Amino acid sequence: MQLTDLYREVILDHNKHPRNFGRLDPHDAEAKGHNPLCGDRLTVTLQRDGDRIADIRFEGNGCAISVASASMMTEAIKGKDRATVDALFQRVHALLTDASASSADLGKLASLSGVRGFPARVKCASLCWHTLNAALAQADASSASTISTE
Amino acid sequence: MTALRSLKGVGYDVDQLRREFPILGQQVNGKPLAYLDNGASTQRPQSVLAAVNHYETHLHANVHRGVHTLSQLATDAFEGARERVRRFLNAASTREIVFTRGTTEAINLVAQSWGRSNLGPDDEIIVSALEHHANLVPWQMAAAATGARLRVVPIDEHGQLRLGAFLELLNDRTRLVAMTHVSNALGTVVPIERVIDAAHHVGVPVLIDGAQAVAHLPVDVRALGCDFYCFSGHKLYGPTGIGVLYGRAELLDAMPPWQGGGDMIRTVTFERSTWNDLPYKFEAGTPNMSGAIGLAAAMDFLEALGIEHAAAHEHELLNAATAALMRIPGVHIHGTAADKAAVLSFTLKGVHPHDLGTILDHEGVAIRAGHHCAMPLMELLGLPATARASFACYNTMAEVEQLDAAVRKAVEVFH
C-alpha cells in the first residue's frame, strides 16, 4: 500500500480547501461527531426541503481523511433525497471496508477507497457519515414531534 | 537539572543492547522499524522473557497457599520479586510494596481506600495540569463520592509546573497532593522534591505518579519522602498487567482494604472477616506472579545497564531529534521545560497529528498521535492532539535520522 493511495490529490485538495465549511443558520438539524480515539470533532448542520437535503455545512477539526471525507460528502449529498443519501452511505461504507466493493459512479468519493488499506483510519472517513445520520434522525424526530403536537 | 553522566568512556553499546530486543530488528511497511513509542510501552529484553518463561516452565503454582514444594517455589519467586522492587525503590520494607495491575490500579487503590476514608466535603486534592487521566479520573471519582474537590496547579508556557501557584493552592483544606513525576505528554520532569517538602511542611501527604519516570530517573522513595509512589512494569522494560504501589507502612496500615477475597484476609466467618498483614491486605485474589517476576528481571536489566547511562543516552537522542525537527519549517515543539525526560511532543503546521502518525508509520517510524490520555492538558494548550516520539535505552541516532526524514516526507506529501 502506497501513501499516495491514501493521500490522493483530491483528498489533499479537499483537506486544504474544504467545501461547504461552516455553519448553516437557521438549520433544521445539527449533530456533533466525535472520535475520542483521535480527537476528531465535527458538526453538521443542514436544512431540508421535504425529503431533500436543501443545504448542508460542516465545521470542526480533524485529520485530512476526516475533513476531506466530510467535504466530499456535503458536495455529494446536497440536493439529494433521503433514499439517495442512504444508498450513498451504504456504498461509501462498503468502499471503506470491502475490497470487492465497486467505486463506479461514486465520483470524488471513490478517492476514499485507499483508506481501506489503513484500517486505523476507516473511522476517520466514516465519522462525517455517522454524524449526518444523527442529524437526519434528529430532523426526523423533530418533524415527527411537530406532527404529533399538532 | 537531573545530573547526567557523560557516556564517553562508559562503553554504552547500543548495537549490543539491541540484540537483547529481537522485536526491534524487524521491518514495518518494508522499512526498518524505528520504535519511538516507548512512552506508551517499552519492549522487553530477552532476560525478562526468559525469567517469565522459566517461572511458567518450572515454578508455577498458586502462591501463599500450598504446603507442596511447587507452591513454595512459586511463593519464593514472587516474594523475591517483591524484595527486588523494594531494593529498586529503596523502600524500608517489603510490607510497603503492593503489586497491582499497573499505575492506574495503584492510584485507584489509594483513591478508593485512602480517599474514601480521609476525604470529606470541601476537602481539597491538588493535582497538576500535566496529569494523565489515570491521576485525574480516580480523584474525580473519590471527590464525587466524598464531596471533596480538585484544585489544579497551572503550568507555564514551557510546560513547567508553576511552583508559586502550587504553594498558594496549599491550604488547610488540602488533604492530598497527587502529582506526576514526569509528564507523559510533554516530557516535563516535575520537581517533586520541592512539591513533597512543601506539602509535608503543612502535613499533607503526597502521591506520585511515576509511570513515565522509573525507566529514566533513579527513584529513592525514602530520599524523596513521598507517601505513595505508583508505576507500571511495561514502561520499565517489564510485562504488562503488573505494577506497583509503594506506600509508607504507617499510611497503608491505617487504610481499609479496597477489594475483598482470598489472600487479603486473616480470618473469615459468615459474619465478618479480619484483614491480613501488609502488603497482602491489598492483594485480594491470586496475583500476577509471572508479571512480578518479569518486572524483577526488568529491574535487574535496567540496573545492570545503569539508569543514569540510559538516561544520558536518551537525552542525546532527545537533543538531536529536537534540533533536527526544529529545522523543519512548520514544526512546533510542545513542552520545552529545562528538565525533560526523553519525550518529544510536536505538531506540523497544516498536517494533523494522525496523518503524521500514518505517514511516519509508512516510513517505519512508530510514534503516538493523539491526546496522550491528557485531554485537559491538550485543551489548555489549545491542541486537539500532538505527535509524540519517546525514546528508550535501545534507540539510536539512525532512528532519529529516520524520524527526521519521515517528518520531511509528511511535509512533502502535504506540500
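Calculation rules
- Residues numbered from 1 in each chain as written.
- Chains lettered and ligands numbered in written order.
- Predicted model: local features only at pLDDT ≥ 70, side-chain atom pairs only at ≥ 80, totals over all residues.
- Heavy atoms only, no water.
- Buried < 20%, exposed > 50% of the residue type's maximum accessible area, 1.4 Å probe, protein only.
- Helix = DSSP H or I, 4+ residues; strand = E, 2+ residues; numbered from the N terminus.
- Pairing = 2+ DSSP bridges.
- Contact = heavy atoms within 4.5 Å.
- Salt bridge = Lys/Arg side-chain N within 4 Å of Asp/Glu carboxyl O.
- Polar contact = N/O pair within 3.5 Å; in protein donor to acceptor, adjacent residues only side chain to side chain.
- Nonpolar A, V, L, I, M, F, W, Y, C, P; charged D, E, K, R; others polar.
- Domains from an automatic or database assignment.
- Buried area = accessible area lost by both parts, 1.4 Å probe.
- Core = buried A, V, L, I, M, F, W, Y, C linked by side-chain atoms within 4.5 Å.

**Student:** How should the pairing of strand 9 (residues 228–232) of chain B be read in this particular structure?
**Tutor:** Residues and elements named next belong to chain B. Burial runs high along strand 9: five of the five residues are buried. Neither face of strand 9 is open: one carries F228, C230 and S232, the other Y229 and F231, and all of them are buried. With three bridges joining them, strand 8 (residues 206–209) and strand 9 adopt parallel strand pairing. By the bridge assignment for strand 9, D209 is matched with C230. Two elements, strand 9 and strand 10 (residues 243–247), share five bridges in a ladder whose sense is antiparallel. Considered in strand 10, the bridge of F231 is made with V244.

**Student:** Before we go on, may I ask you to explain the interface of chain A and chain B in this structure?
**Tutor:** How big an interface is tends to be expressed through the accessible area that disappears when the partners come together. Facing the 20 residues of chain A at the interface are 16 residues of chain B. Counting the contacts that link chain A with chain B gives one salt bridge. Measuring nitrogen to oxygen at the nearest pair gives 2.8 Å for the salt bridge that ties R121 of chain A to D355 of chain B. Counting the contacts that link chain A with chain B gives six residue pairs in polar contact (both at pLDDT 80 or more). Only helix 1 (3–6), helix 2 (9–16) and helix 3 (64–77) of chain A provide two or more residues apiece to the side of chain A that touches chain B. Tallying contributions element by element places helix 2 of chain A first for the side of chain A that touches chain B, with four residues. For the side of chain A that touches chain B, the per-class residue count stands at 12 nonpolar, four polar and four charged.

**Student:** When you look at the pattern of salt bridges in this model, what are you seeing that I'm missing?
**Tutor:** Residue and element names in this part refer to chain B. The final tally for this structure, using the stated rule, is 32 salt bridges over all chains. The residue R151 makes a salt bridge to E124 at a minimum N-O spacing of 3.0 Å. Of this pair, R151 sits in strand 6 (residues 149–153) while E124 sits in strand 5 (residues 124–128), and the two are 27 residues apart along the sequence. Among the residues examined, E124 registers a relative accessible area of 2% and is labelled buried. The salt bridge partner of R266 is D277, with a shortest N-O separation of 2.4 Å. One end of the pair, R266, is in strand 11 (residues 265–268); the other, D277, is in the loop between strand 12 (273–275) and helix 10 (289–305), and 11 residues separate them in sequence. Since its relative accessible area comes to 49%, R266 is described here as partly exposed.

**Student:** In this structure, what is going on with the domain arrangement of chain B? I would like to understand it.
**Tutor:** All names here are of chain B. Considered domain by domain, chain B is made up of domain 1 (14–44 + 306–414) and domain 2 (48–303). Measuring from the centre of the C-alpha atoms in domain 1 to the corresponding centre in domain 2 gives 28 Å. Facing the 38 residues of domain 1 at the interface are 35 residues of domain 2. Contact between domain 1 and domain 2 buries roughly 2,900 Å² in total, counting both sides, with carbon and sulfur atoms accounting for 60%. By the criterion of area lost to domain 2, the three top residues of domain 1 are R44, I307 and L377, representing 24% of everything that side buries. The interface formed by domain 1 and domain 2 holds zero salt bridges in total. Summed over the shared surface of domain 1 and domain 2, the result is 22 residue pairs in polar contact (both at pLDDT 80 or more). Put simply, the parts of the chain that give the side of domain 1 that touches domain 2 at least two residues each are helix 11 (307–326), strand 14 (343–348) and helix 13 (375–381). The element best represented in the side of domain 1 that touches domain 2 is helix 13, accounting for six residues.

**Student:** Before we go on, may I ask you to explain the environment of Y394 of chain B in this structure?
**Tutor:** Residues and elements named next belong to chain B. One can find Y394 in the loop between strand 17 (386–390) and helix 14 (397–414). On a C-alpha basis, the gap between Y394 and A50 in space is 19 Å, while along the polypeptide they are 344 residues apart. Other than its neighbours up to four places away in sequence, Y394 contacts V14, L17, R18, F21, L24, Y35, N38, T42, Q43, Y237 and E399. There is a polar contact of 2.5 Å between the side chain of Y394 and the side chain of N38.

**Student:** What is the right way to look at the nonpolar core in this model?
**Tutor:** Across soluble globular proteins, nonpolar side chains show a tendency to be buried alongside one another. Membership of the largest hydrophobic core comes to 83 residues, with the highest contact counts inside it found for L89, F166, V177, Y229 and Y237 of chain B. Sorting elements by how many residues they give to this core places helix 10 of chain B first, with 11 residues. Residue contributions to this core reach at least three from each of two domains, namely domain 1 (14–44 + 306–414) and domain 2 (48–303) of chain B. Excluding residues that lie within four positions of it along the chain, F166 of chain B makes contacts with I126, V153, V177, M179, V195 and A198 of chain B. With 74 residues, the next largest nonpolar core counts L12, A29 and M72 of chain A together with F391 of chain B among its residues.

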